[in-house]
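# Breakdown of the fold
The lines below spell out each chain.
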Amino acid sequence: MFFNHISKNLTKIATIGSVLVMGGELLGGCGATGLNSDAGSSTSKVVKKAPSKLKIGVSISTLSNPVFITLKNELQKYSDKKGSKIIINNANNDTSKQNNDVEDLIQQKVDAIIVNPCDSSAISTVIQKANDAKIPVICIDRGADRGTVVSTVASDNVAGGKMAADYLIKKLGLKAKIAELQGIPGASATRERGQGFDKIADKKLNIVSKQTAQFDRAKGLSVTENILQAHHDVKGIFSQNDEMAVGAARAVKASKKDIVIVGFDGTNDALKLIKSGQMTATVAQQWDKMADTSLDAVYDYYQGKTVKKNNLVPVRLITKENVDSMLK
C-alpha cells in the first residue's frame, strides 16, 4: 500500500510537470513577432505570415528632402497593395527622435522595422533592441554600423561616386580644381559616395575643398558661397546629394561663374535645373525600386525565403541629353 501511494503521487507530479511545460510552450508562441525562442541561432525558424497579416514600422530620416517623400509614398503604396498595415515616422534628421520612434515601434510589437538611419552609428543601439525583441530590421538607403540587419537595401553609392568623378574628369580634364559638398557625417551614404568619388578624384582631380553641408539645401548654398570666396578658380562641384546641389547652383548663379555641378539623387528640382542648364548632371537613384525591394525583403523573410543581405540598386547618370526621360 505504501509503495502504491508513492507511485500514484509521482504520477500526479509528472502529469502536472508536463502540463506546465506544454503551457509554457503555448504562451511562448503567443504574440510572436518573427522568430521563435531560438531566434538568432543557426536553427532559428520564422513564424510564417502573409503580407496582409503584417504590421510594419518605418522610420525615415527626414521628409524635408523630396526623395524621402517619394520613398514614403512608395512604401505606403506598395504596402497598401499587399494589404499590410504600415506605420511611418519622420525623424526630422534628429538621431534622438529616431531612436525614440524605433523604440516606440518595438513597444507596439510590429512584425518588422524598416529604417532609413539619420546616423549609421547612432541607430545601432535601437537596432540591437529590436534584435532582442526578435523583430527583423531592414535598412534602406543607409546602413547601420552595429546590430543584426536582415537586409540593407541601398543604391550602389560607391559606384555612383565613381560615376560622378569620371564625369567631372570628362567635362573638365585632369587636375581640374573642384570642391566636394559632403553629407551628414556618420551616414553610410556620405562615407560610401565619398569613398567612390575620392578614390578617383584624389588622384585625377584637384579637390581644393571638402566641406559638409549636412545634405541640406540652405547649407549647400552658404557653404558653396564660402568656397567660391576662398577659391575663385573652382571649375566643378560634386555634391553628395541633390538638395545641396540645388543650393550650390543658386550660389553659382549669383556669382555669375561657369561651374560644372554634379549632384546625387535624381530629385525633380535637380532635374529641372539640369534641363535649364543651372546644373550639369546628377547620379539618379531608383527610390521606388528601393522601397519595393525593402518591403519584399520583409515579405520574403516571413515566408521563410532567403533574403539577400546587401541589396545594391543600380544608379544612372542623368545629363541634359537624357533628363527628359526622368522629368515628371
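Above this text you will find the structure in question.
What you see is a predicted model; the values in this text were computed from it and never measured.

### Some details on the sheet that holds strand 9 (residues 260-265)
Pairing is mixed across the open sheet formed by 6 strands, whose spatial order is 7-6-8-9-10-12. Edge positions in the open sheet fall to strand 7 (206-212) and strand 12 (316-319), since each of these has one partner strand only. Adjacent strand axes in the sheet meet at a mean angle of 20° when their direction is disregarded. Two elements, strand 9 and strand 10 (residues 281-284), share 4 bridges in a ladder whose sense is parallel. Residue pairing across strands places Gly263 opposite Thr282, the latter belonging to strand 10. Those strands touched by helix 5 (residues 157-172) are strand 6 (177-182), strand 8 (236-239), strand 9, strand 10 and strand 12, and its axis lies near 165° from that of strand 9.

### Side note on the pattern of salt bridges
Inspection of the entire model under this criterion finds 12 salt bridges. Residues Lys97 and Asp101 are paired through a salt bridge, measuring 2.9 Å at the closest nitrogen-oxygen approach. Here Lys97 pairs with Asp101, and both are found in helix 3 (residues 95-107), just 4 residues apart, close to one helical turn. Residue class for Lys97 comes out partly exposed when judged on its relative accessible area of 31%. Relative accessible area serves as the criterion here: at 13%, Asp101 is assigned to the buried category. Glu103 serves as the salt-bridge partner of Lys129, at 2.5 Å between the closest nitrogen and oxygen. Taken together, the residues span a long stretch of sequence, with Lys129 in helix 4 (residues 124-132) and Glu103 in helix 3 at a distance of 26 residues. What makes Lys129 partly exposed here is its relative accessible area of 38%.

### A look at the layout of surface pockets
Within this model, the second largest pocket holds a volume of roughly 360 Å³. Residue lining of the second largest pocket: 15 residues in total, with Thr70, Gly266, Thr267, Trp287 and Lys328 positioned closest to the centre. Of all the secondary-structure elements, those providing two or more residues to the lining of the second largest pocket are helix 2 (66-82), helix 9 (268-276) and helix 10 (287-301). Each residue belonging to the lining of the second largest pocket can be placed in one class, and the counts come to 5 nonpolar, 6 polar and 4 charged.

### Examining the side chain of Thr280
Examined against the element boundaries, Thr280 turns out to sit in the loop between helix 9 and strand 10. With residues near it in sequence (within four places) discarded, Thr280 still touches Tyr167, Lys171, Ile259, Val260, Ile261, Ile274, Ile318, Thr319 and Lys320.

### Digging into the packing of helix 3 against helix 4
Interhelical geometry of helix 3 versus helix 4 gives an angle of 5° and a closest axis separation of 9 Å. Accordingly, the angle class assigned to the pair helix 3 and helix 4 is roughly parallel. Between helix 3 and helix 4, the residues in contact are Asn99, Val102, Glu103 and Ile106 and Val126, Lys129 and Ala130, respectively. The class makeup of the residues in the contact of helix 3 with helix 4 is 4 nonpolar, 1 polar and 2 charged.

### Observations regarding the packing of helix 8 (residues 242-255) against helix 9
At a minimum axis distance of 9 Å, the contact between helix 8 and helix 9 shows a crossing angle of 40°. As summarised for this structure, helix 8 and helix 9 are arranged oblique, according to the angle between their axes. Seen along the crossing, helix 8 lies across helix 9 with a hand that is left-handed. Across the interface between the two elements, Asp242, Val246 and Ala249 of helix 8 pack against Asp269, Ala270 and Leu273 of helix 9. Counted by class, the contact of helix 8 with helix 9 contains 4 nonpolar, no polar and 2 charged residues.

### Regarding the pairing of strand 1 (residues 55-60)
Taken across its 6 residues, strand 1 has 5 buried, putting it largely inside the fold. What joins strand 1 to strand 2 (residues 85-90) is helix 2, and the crossover it makes is right-handed. Pairing analysis gives 4 bridges linking strand 1 to strand 3 (residues 112-115), with the strands arranged parallel. By the bridge assignment, Gly57 is partnered in strand 3 with Ile113.

What counts, and at which threshold
- Residues numbered from 1 in each chain as written.
- Predicted model: local features only at pLDDT ≥ 70, side-chain atom pairs only at ≥ 80, totals over all residues.
- Heavy atoms only, no water.
- Pairing = 2+ DSSP bridges.
- Helix = DSSP H or I, 4+ residues; strand = E, 2+ residues; numbered from the N terminus.
- Axes fitted to C-alpha atoms, helices over the stretch in contact; angles between N-to-C directions.
- Contact = heavy atoms within 4.5 Å.
- Salt bridge = Lys/Arg side-chain N within 4 Å of Asp/Glu carboxyl O.
- Buried < 20%, exposed > 50% of the residue type's maximum accessible area, 1.4 Å probe, protein only.
- 1 Å grid on protein atoms, 1.4 Å probe; cavity = no way out; pocket = protein on both sides within 12 Å on 5 of 7 lines; lining within 4 Å.
- Points joined across faces, edges and corners; volume = space filled by probe spheres on them.
- Nonpolar A, V, L, I, M, F, W, Y, C, P; charged D, E, K, R; others polar.
- Parallel < 35°, antiparallel > 145°, perpendicular 65-115°, else oblique.
- Left-handed = near helix turned anticlockwise from the far one by under 90°.
- Right-handed = clockwise from strand over helix to strand, strands pointing away.

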